[in-house]
Amino acid sequence: MNKIAFIGAGAITEAIISGMIQKQFIDSEKIYVTNRSNRDRLTYLVEQYQVSTTTDQKALLTDADMILLTVKPKDVRSAIDGIKDYVRPNQLIVSVLAGVKTSEIEDLFNLKIPVVRAMPNTSASIGYSATALTKGQYATKKHIELGTLLFNTIGITVVVDEKKMDIVTGLSGSGPAYIYYLVEAMERVAEENNLDPDIASLLITQTIIGAGKMLAQSGESAKILREQVTSPGGTTEAGLKTLAQYQFQEAMMAGVNSAIKRAKELGK
């Protein structure tokens with residue numbers, strides 16, 4: 001890999017840079033970053049990760065094997081307009097723009113160019129992202145394999161059909177926020193019952209981690225694991241019955257579906 005160029009310098013850019021360097025995917029001096037106007041942010045990335053930056057778009061993209069679009073979805077047109085004169089058809093475009101289809105990116109470049117679309121989540125910042133990839137019409141199996149290697153540096157990666165990406169966005173893209181929202185509620189209960197906040201935080205966090213590892217390692221479904229911990233007439237059963245009365249699962253499903261719907265709207 002000769003060079004990777006980032007168009008955008010936000011949190012996901014930093015997470016990917018950190019993962020690539022830690023997992024030795026590419027040397028830091030081969031990573032180039034630019035953004036629209038925040039020079040302080042670029043200075044920080046240069047100092048923190050020893051990457052390179054330039055406002056010269058031609059210099060930025062020359063010899064780049066991979067170009068990552070990490071701007072906000074609403075800025076995709078202006079971002080591509082600023083670089084398309086310097087992009088070649090043999091360069092791989094990787095997009096992390098929620099709701100923006102690969103065909104739209106191809107059209108904006110007006111090139112038969114390979115595009116791989118990714119949907120990571122915020123856990124990328126600690127190397128635990130759940131990322132889904134899909135490819136545009138000009139991308140090959142090799143491009144997907146390269147994208148997989150890249151995003152494996154910040155977590156786990158799956159490949160899906162593009163028509164499923166809005167579902168992925170609502171499910172795992174927004175998923176960490178649902179878990180944090182649940183934790184907020186548990187913390188409030190601890191506070192109302194006068195449990196030390198530090199102790200409550202430690203217990204809740206370890207409970208979430210443990211449940212996640214059980215799902216990942218036990219080979220059992222969430223339903224089976226729930227049933228195993230729910231003794232008849234016990235405390236867990238009492239809690240679950242109350243959650244059911246408040247239609248907890250229905251509320252979660254409605255929330256995820258709302259996020260999926262919004263992802264579809266952004267795509268329009």
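Our structure is the block above this text.
What you see is a predicted model, and the numbers here were worked out from it, not measured in a lab.

Thresholds, definitions, all that
- Residues numbered from 1 in each chain as written.
- Predicted model: local features only at pLDDT ≥ 70, side-chain atom pairs only at ≥ 80, totals over all residues.
- Heavy atoms only, no water.
- Helix = DSSP H or I, 4+ residues; strand = E, 2+ residues; numbered from the N terminus.
- Contact = heavy atoms within 4.5 Å.
- Areas by Shrake-Rupley, 256 points an atom, 1.4 Å probe, with all protein chains shown as cover.
- Lys, Arg positive; Asp, Glu negative; His and termini not counted.
- Charge placed at Lys NZ, Arg CZ, Asp CG, Glu CD.
- Pairing = 2+ DSSP bridges.
- Axes fitted to C-alpha atoms, helices over the stretch in contact; angles between N-to-C directions.
- Patch = residues over 30% accessible without salt bridge, like charges linked within 9 Å, V, L, I, M, F, W, Y side chains within 5 Å.
- Salt bridge = Lys/Arg side-chain N within 4 Å of Asp/Glu carboxyl O.
- Buried < 20%, exposed > 50% of the residue type's maximum accessible area, 1.4 Å probe, protein only.

A. How the structure looks around the overall build of the chain. Across its full length, the chain holds twelve helices and eight strands. On the principal axes, the C-alpha backbone points of the chain span a range of 70 × 40 × 30 Å. Counting only contacts in the chain whose residues sit at least 6 apart along the sequence, the fraction spanning at least 24 positions is 64%. Taken as a whole, the chain presents about 15700 Å² of accessible surface, with 54% of it coming from carbon and sulfur. Computed over 29 positive and 29 negative side-chain charges, the inter-centroid distance for the chain is 8 Å.

B. Highlighting the sheet that holds strand 1 (residues 4-7). As summarised here, the arrangement of the eight strands in space is 3-2-1-4-5-6-7-8, forming an open sheet in which the pairing is mixed. A strand with exactly one partner marks an edge of an open sheet, and here the two such strands are strand 3 (52-53) and strand 8 (155-159). Helix 5 (residues 102-109) rests against strand 4 (66-69), strand 5 (92-95), strand 6 (115-119) and strand 7 (129-135) of the sheet, and its axis sits at about 135 degrees to strand 6. Of the strands in this sheet, strand 4, strand 5, strand 6, strand 7 and strand 8 touch helix 6 (residues 141-151), which is tilted by about 165 degrees from strand 7.

C. Up close: a nonpolar patch on the surface. Taken together, the side chains of Ile179, Tyr180, Leu182, Met186, Ile208, Leu243, Phe248 and Met252 present a nonpolar region at the surface, about 630 Å² in accessible area. By the secondary structure assignment, Ile208 is in helix 9 (residues 197-217). Residue class for Ile208 comes out partly exposed when judged on its relative accessible area of 31%.

D. Representation of a positive patch on the surface within the structure. Taken together, the side chains of Lys101, Lys163, Lys164, Lys264 and Lys268 present a region of like positive charge at the surface. Its place among the elements puts Lys268 in the segment after helix 12 (248-267).

E. Main features of the environment of Asp65. Relative to the assigned elements, Asp65 resides in the loop between helix 3 (57-61) and strand 4. For Asp65, a relative accessible area of 28% corresponds to the partly exposed category. Separated by 126 residues in sequence, Asp65 and Glu191 place their C-alpha atoms 52 Å apart. The contacts of Asp65, once residues within four sequence positions are left out, are Met1, Asn2, Lys3, Gln91 and Leu92.

Such coordinate-based values are descriptive only and should not be taken to indicate function.
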